[in-house]
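Structure at a glance
Spelled out, the chains give:
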Amino acid sequence: LIMADFLSRVKGYSFVIFALLTSIQCISLCGPLILLHPVLPVLVDTVVHSIATAFFGCGALFFEISGVRIFLYGDAAGTEDVNTLHSDVGKLLIALNHYCRLDWLFLFPFELRTQWSNSKVAVLKNLLRHIPGIGWGMQMMRYLYLERNWDSDKDRFERVIKAKSRDWPLTVLLFPEGTDLSEKNKKLSWEFSEKKGLARYSHVLHPRAKGFTAILQNMRDSDCISAVWDLTMGYKDFRHGSGEAEFLSGNWPSELHYHVKRYEISSIPTDETELKSWLQKRWAEKEELLKRFHEGKLHNFYDDNDKRSPVASPFPWLLWFKSGAPLYIIANLVVIPALAYQYFFVRFLMVVSSILLFSAAFVVGGVDRVLVP
């Protein structure tokens, strides 16, 4: 037991150290590219998104070598289904349940298999922009950070979506619940449900329709959406609300389950009231799916009476190489350290760039505020 606990911690710390150090190295060297963005936006976006895609590929490999099994359901269950989903990438909104604060990490294996990392823009809590390296990269990719002020957030959504869709394919990742499924948040959701006469959920929180409707309508207006993916994530052997300490200790899920339901944008209501109702129906379906997953005998998204057994998705090595992950590993473990050791200019650039990127979040609100004022 002591050895197993030690190895779990090694796994957790190795992932975090690798993620922080390599992202700091890469993004600090790319920092000066911000100056070129006004004249060469496509070039800068290509470099930054390529680094991010490779980073996500490395994350997916960590889960694979750690023995985490991956299962796909619904419109992502077969090879042809995944190919259909891939055709949506770049004009897509993904809405998913928010099981814990680490959902964005547990998405890496799914991202690799469905190949949408290169166009990804996630809607995240503002605190995440301050993570060294990773947060800087997300700022350069112009992620949408929530400040809990709807007027400010709505205006920001509109400007970023319009600016980003002009220069780059757009896949927006959104957690409509707004926060994770901790015990405290569940109790608050139950109180809200009682006041509004809504159903009491145990496996999801009631979605907040404002952000979802605003982003969807803005993507419609900018003609940069062809479909919505209703993504439901289920984790085996992982408590809801588990956080960073659990992850760092190596207590990862033994299985990651992803259920996808694809909706053509033409089938989704345009009226705001109808759209809110549509979203609430999707979350009622999620509650039933997750109830089946967590309370059923088989811990999957099939009904207990269904004779089918989910088959673990093999690791997509070809897509992994295509993501650029091998080059990312070589560059960060060999090339960049060698250059930094050999040349003072490289060390100087990395230090100065890191200081500027770190302070930008406090001085001007982040690099993303510079790229999209």
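Since we're looking at a predicted model, the values are computed, not measured. For every chain, the first residue of the written sequence is number 1, and numbering continues from 1 along that sequence. Only residues with pLDDT of 70 or above have their local features reported here, since the model is predicted, and side-chain atom pairs are shown and tallied only from 80 upward, although totals for entire chains, interfaces and linings are computed over all residues. The side-chain figures draw on all heavy atoms in the structure; neither hydrogens nor water molecules are used.

**A few points about the overall build of the protein chain**
The cut-off we apply is this: Only DSSP runs of H or I with at least four residues qualify as helices, and only runs of E with at least two residues qualify as strands; both kinds are numbered from the N terminus onward. Atoms counted for the radius of gyration: C-alpha only. Globule rule: 2.2 Å times residue count to the power 0.38. Here's how the labels work: a residue is buried when its accessible area is under 20% of the maximum for its type, exposed when over 50%, partly exposed in between, all with a 1.4 Å probe on protein chains only. All accessible areas in this document rest on Shrake-Rupley with a 1.4 Å probe, and a residue is counted as covered only by the protein chains that are shown. Counting rule for charge: Lys and Arg are taken as positive, Asp and Glu as negative, and neither His nor the chain ends is counted. By convention, the point assigned to a charge is CZ for Arg, NZ for Lys, CD for Glu and CG for Asp.
Broken down by element type, the protein chain carries 15 helices and seven strands. Scaling as 2.2 N^0.38, a compact globule of 373 residues should have a C-alpha radius of gyration of about 21 Å, and the protein chain matches this with 21 Å. Across its three principal axes, the protein chain shows a C-alpha extent of roughly 65 × 55 × 40 Å. Each of the 373 residues in the protein chain was classed as buried or not, and the buried ones make up 54%. Counting only carbon and sulfur atoms, one obtains 61% of the accessible surface of the protein chain, whose full area is about 17500 Å². Here the protein chain holds 42 positive side-chain charges and 39 negative ones, and the gap between their average locations is 3 Å.

**Comments concerning the sheet that holds strand 7 (residues 255-264)**
Sheets are built from strands paired through backbone hydrogen bonds, the pairs being either parallel or antiparallel. The condition is simple: Two strands qualify as a pair provided DSSP detects at least 2 bridges between them. Only the contacting stretch of a helix is used when fitting its axis, a line to C-alpha atoms as for every element, and angles between N-to-C directions run 0 to 180 degrees. Whether two residues touch is decided by their heavy atoms; if any such pair falls within 4.5 Å, the residues are in contact.
Reading across from one edge, 1-7-6-2-5-3-4 is the order of the seven strands in this open sheet, with mixed pairing throughout. A single partner strand is all that each edge strand has here, and the edge strands are strand 1 (69-74) and strand 4 (144-146). Pairs of neighbouring strands in the sheet enclose a mean axial angle of 20°, with direction left out of account. Strand direction decides the pairing type here: strand 2 (residues 91-96) and strand 5 (residues 170-174), joined by five bridges, are parallel. Within strand 5, the position partnered with Ile94 by the bridge is Leu173. Most of the contacts of helix 11 (residues 272-295) go to strand 6 (residues 227-236), to which it runs at about 25°, and overall it touches strand 2, strand 6 and strand 7.

**Comments concerning the pattern of salt bridges**
Using the following cut-off: Throughout this description, the term salt bridge denotes a Lys or Arg side-chain nitrogen within 4 Å of a carboxyl oxygen of Asp or Glu.
Summed over the entire model, instances satisfying the criterion amount to 14 salt bridges. A salt bridge links Asp368 to Arg129; the nearest nitrogen and oxygen atoms lie 2.7 Å apart. One end of the pair, Asp368, is in helix 15 (residues 367-371); the other, Arg129, is in the loop between strand 3 (120-125) and helix 6 (134-140), with 239 residues separating them in the sequence. Owing to a relative accessible area of 1%, Asp368 belongs among the buried residues under this scheme. With its nearest N and O atoms 3.7 Å apart, the salt bridge here joins Asp368 to Arg156. With Asp368 in helix 15 and Arg156 in helix 7 (residues 150-167), this pair connects stretches of sequence that are 212 residues apart. Classification of Arg156 by relative accessible area gives buried; the value is 5%.

**Some points on helix 13 (residues 325-342)**
To be explicit about the condition: Here the expected length of a helix is defined as 1.5 Å per residue gap, with one fewer gap than residues. A residue's bend is given by the angle between axes fitted to the 7 residues ending at it and the 7 residues starting at it.
Over its 18 residues, helix 13 extends 25 Å from the first C-alpha to the last, a length consistent with the 26 Å expected when each residue adds 1.5 Å. Ala331 marks the point of greatest bend in helix 13, at about 45°. Buried positions along helix 13 lie against helix 1 (2-30), helix 2 (41-65), helix 12 (317-322) and helix 14 (344-363).

**Observations concerning the pairing of strand 3**
Put simply, the test is: The handedness rule is simple: strands pointing away from the viewer, and a clockwise path from the first strand over the helix to the second, make the crossover right-handed.
Among the six residues of strand 3, five are classified as buried, and the element is accordingly described as predominantly covered. The pairing of strand 3 with strand 4 spans three bridges and is classified as parallel. Looking across to strand 4, one finds that Lys125 is bridged to Leu146. Following the chain from strand 3 across helix 6 to the adjacent parallel strand 4, one finds a crossover that is right-handed.

**Digging into the nonpolar core**
Nonpolar side chains in soluble globular proteins generally cluster together in the buried interior. What counts, and what does not: Remark: nonpolar core denotes a set of buried residues (Ala, Val, Leu, Ile, Met, Phe, Trp, Tyr, Cys) joined through side-chain atoms within 4.5 Å.
Core analysis: the biggest nonpolar cluster contains 77 residues, and Phe106, Phe110, Leu231 and Tyr258 have the highest contact counts within it. Ranked by residue count, the leading element in this core is helix 2, at twelve residues. When residues no more than four places from it in sequence are discounted, the contact partners of Tyr258 are Ile70, Phe71, Leu72, Tyr73, Phe106, Leu107, Pro109, Phe110, Leu231, Thr232, Met233 and Phe301. Within the second largest apolar cluster, 37 residues are counted, among which are Val121, Tyr201, Met219 and Phe301.

**Some points on the packing of aromatic side chains**
Spelled out, the test is: For Phe, Tyr and Trp, where Trp contributes only its six-membered ring, two rings pair if their centres lie within 6.5 Å, and the inter-plane angle classes them as stacked under 30 degrees, edge-to-face over 60, or tilted in between.
Applying the stated criterion across every chain yields a total of 32 aromatic pairs. Plain terms: the ring middles of Phe63 and Phe106 are 5.7 Å apart, the flat faces sit at 55° to each other, and that makes the pair tilted. With a gap of 43 residues between them, Phe63 in helix 2 and Phe106 in helix 4 (residues 103-106) connect regions that are remote in the sequence. Judged on exposure class, the residue Phe63 and its partner Phe106 are both buried. Ring geometry for Trp317 versus Trp320: centroids 5.6 Å apart, planes at 85°, classification edge-to-face. Remark: Trp320 and Trp317 occur in helix 12; sequence separation between them is three residues, near one turn of the helix.

**Some details on the side chain of Asn332**
Stated precisely, the cut-off is as follows: We define a polar contact as two N or O atoms separated by no more than 3.5 Å, with the added condition that, inside protein, one atom must be a possible hydrogen donor and the other a possible acceptor, whereas residues neighbouring each other in sequence contribute only through side-chain atom pairs.
Mapped onto the fold, Asn332 is located in helix 13. Of note is the side chain of Asn332, whose polar atom sits 2.9 Å from the backbone oxygen of Tyr328. Ignoring sequence-local partners within four residues, the contact set of Asn332 consists of Thr22, Gln25, Cys26 and Pro337.

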